[in-house]
Amino acid sequence: MCADAPPTQPSASLYIHVPFCRAKCGYCAFFSEPLRPGALDAYLPLLLDEIGLWAARLGRLFVPTVFFGGGTPSLLPPEALARIMDALRSRFDLAPDAEISMEANPESASPDFLRAARAQGVNRLSLGVQSFRDEELALLGRPHTARQAWEAATRARGAGFANLGLDLIWGLPAQRESQWLESLRRAVELAPEHLSCYGLTLEPGTPLGDDPEARNQLPPERELARMYIHTGELLEDAGYLQYEISNYARLGHACRHNQACWEGRDYLGLGPAATSTLGPCRWTNPEDLRAWAELVRAQRIGLHQRETLSPEIRAQERLMLALRTAKGLDLAEYRSLSGQNLLTRHKAIIQALRQKELIRIHQGRLRLTRTGMLVSNSIIRALGFD
Ligand code: SF4
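Computed from a prediction, not measured in an experiment: that's the story for all the values here.

What counts and how
Residues numbered from 1 in each chain as written. Predicted model: local features only at pLDDT ≥ 70, side-chain atom pairs only at ≥ 80, totals over all residues. Core = buried A, V, L, I, M, F, W, Y, C linked by C-beta atoms within 7 Å. Buried ≥ 20, exposed ≤ 12 C-beta atoms within 10 Å, placed from the backbone. Contact = placed C-beta atoms within 7 Å. Pairing = 2+ DSSP bridges. Helix = DSSP H or I, 4+ residues; strand = E, 2+ residues; numbered from the N terminus. Near = placed C-beta within 6 Å. Nonpolar A, V, L, I, M, F, W, Y, C, P; charged D, E, K, R; others polar. Domains from an automatic or database assignment. Expected span 1.5 Å × (residues − 1). Arc of directions from axis to C-beta.

A short note on the nonpolar core
Membership of the largest hydrophobic core comes to 91 residues, with the highest contact counts inside it found for Leu 14, Leu 127, Ala 156 and Leu 168. Non-local contacts of Leu 168, meaning those with residues more than four positions away in its chain, are made with Val 129, Gln 130, Ser 131, Ser 183, Leu 184, Ala 187, Leu 195 and Cys 197.

Describing the sheet that holds strand β16 (residues 359-362)
Reading across the sheet, the three strands line up as β15-β17-β16 and stay open at both edges, with antiparallel pairing between neighbours. The outermost strands of the open sheet, each flanked by one partner alone, are β15 (329-330) and β16. Where β15 and strand β17 (residues 365-368) come together, two bridges link them in antiparallel fashion. By the bridge assignment for β17, Asp 330 is matched with Arg 365.

Looking at the pairing of strand β5 (residues 93-104)
Two elements, strand β4 (residues 62-70) and β5, share six bridges in a ladder whose sense is parallel. Bridge assignment links Phe 62 to a residue of β5, and that residue is Asp 93. As paired strands, β5 and strand β6 (residues 124-130) are joined by four bridges and run parallel to one another. Looking at β6, one finds that Ser 101 is bridged to Arg 124.

Looking at the environment of Thr 275
The topology assignment puts Thr 275 in strand β12 (residues 275-278). Beyond its immediate chain neighbours, meaning those up to four positions away, Thr 275 contacts Gly 269, Arg 282 and Thr 284.

Describing the site of the ligand
Cys 21, Lys 24, Cys 25, Cys 28, Phe 30, Ser 32, Gly 70, Gly 71, Thr 72, Asn 105 and Gly 128 make up every residue found near the ligand. A class-by-class count of the residues in the shell around the ligand yields four nonpolar, six polar and one charged.

Quick notes on the domain arrangement of the protein
The domains assigned to the protein are domain 1 (13-262) and domain 2 (311-384). Using only C-alpha atoms to locate each centre, domain 1 and domain 2 end up separated by 29 Å. Every contact between the two is made by nine residues of domain 1 and, on the other side, eight residues of domain 2. Sorting elements by how many residues they give to the side of domain 1 that touches domain 2 places helix α8 (residues 221-237) first, with four residues. Here the residues of the side of domain 1 that touches domain 2 sort into six nonpolar, two polar and one charged.

Quick word on α8
In an α-helix there are 3.6 residues to a turn, and that puts residues three or four apart on one side. Compared with the 24 Å implied by 1.5 Å per residue over 17 residues, the 24 Å span of α8 between its first and last C-alpha is a close match. All of the buried residues along α8 are Met 227, Tyr 228 and Thr 231. All buried residues of α8 project into a common sector of 95 degrees when viewed along the axis, lining one side. Across α8 from its buried face, at more than 90 degrees, point the exposed residues Arg 222, Glu 233 and Asp 237. The secondary structure elements touched by the buried residues of α8 are β7 (164-170), α6 (177-189), β8 (194-199) and α15 (370-374). Positive backbone phi, at 95 degrees, marks Gly 239, one or two positions downstream of α8.

Right, dumping it as structure tokens:
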């Protein structure tokens, strides 16, 4: 049960949502607004207040990872970032080896910003490249060119980022496999430590999602399947390990923050639209700057969209997240969470999935094969929901 008294947790990862972008990309369903004059000046004191309120409530939380996401965190002026990092360090116990990640966009990852981020202890940069083909970037409504993306990655290295991730999107309208692999090879040439390769999802309510022509031009299933399988093969040959459906990293460079969330550990989200999960309690800040500001000013943090996760829901989530990872699901842990033996509960389905080589069971863990990952949603539905 989520008691009225606040939850107390000794340790949690921190997520900070920076909800501003230069312009809205055509496929974006995240909460972000075009940056208007004065918006950051209004946002920053509220974020600092929110940090202070949580520190007063939780005490000195031990923080193994911090993740600045957005939106576009690279729009933060260096002095704003310094004030946020000062607040985090003075209010919480950041682990000495804390992973501090920041998402950045090529057009705003200026040398000054990158140097300031490094100086503030940001030690992992995740650059939103999406494609190395200008016509694809234009189709996605990205506010940068392929050349700018390349230069931003080079600048990040120059600023001292030894842990660099590039984010790419595949499966775009009218995209052929060879075009996707061309972008992927360009990304590999930059030798990043980490690559996230997301299949495009056209969300209703976004310009691309509501464009029937874009929908009609999406690559056919077989082409998408080839893109996915060949992505994994190309990256494996280049020395990257797949550790989640869409994520690949050189040994020792998997994103610790995301891993913690996927492993069901606690995280505290700050800023509008940020979700938190502490123990069985989950809440999500309003997806609206004014409503979030009111909530912080009224000191009603942690109350918006608050729910208590039942043991069944927690077990279901654990299964869903674990099956997306290369480690897979620990069957004994699942049994203790859910009180159910997955192998006997879904005996026939599991047998069929094994025969089709979509899953493997080894040393007490159930994992999806790469082909299984292609149809992960159906497998997770079949195993996680009755
Ligand atoms: S930069 Fe990212 S968050 Fe901002 S609009 Fe584009 S996709 Fe959305």
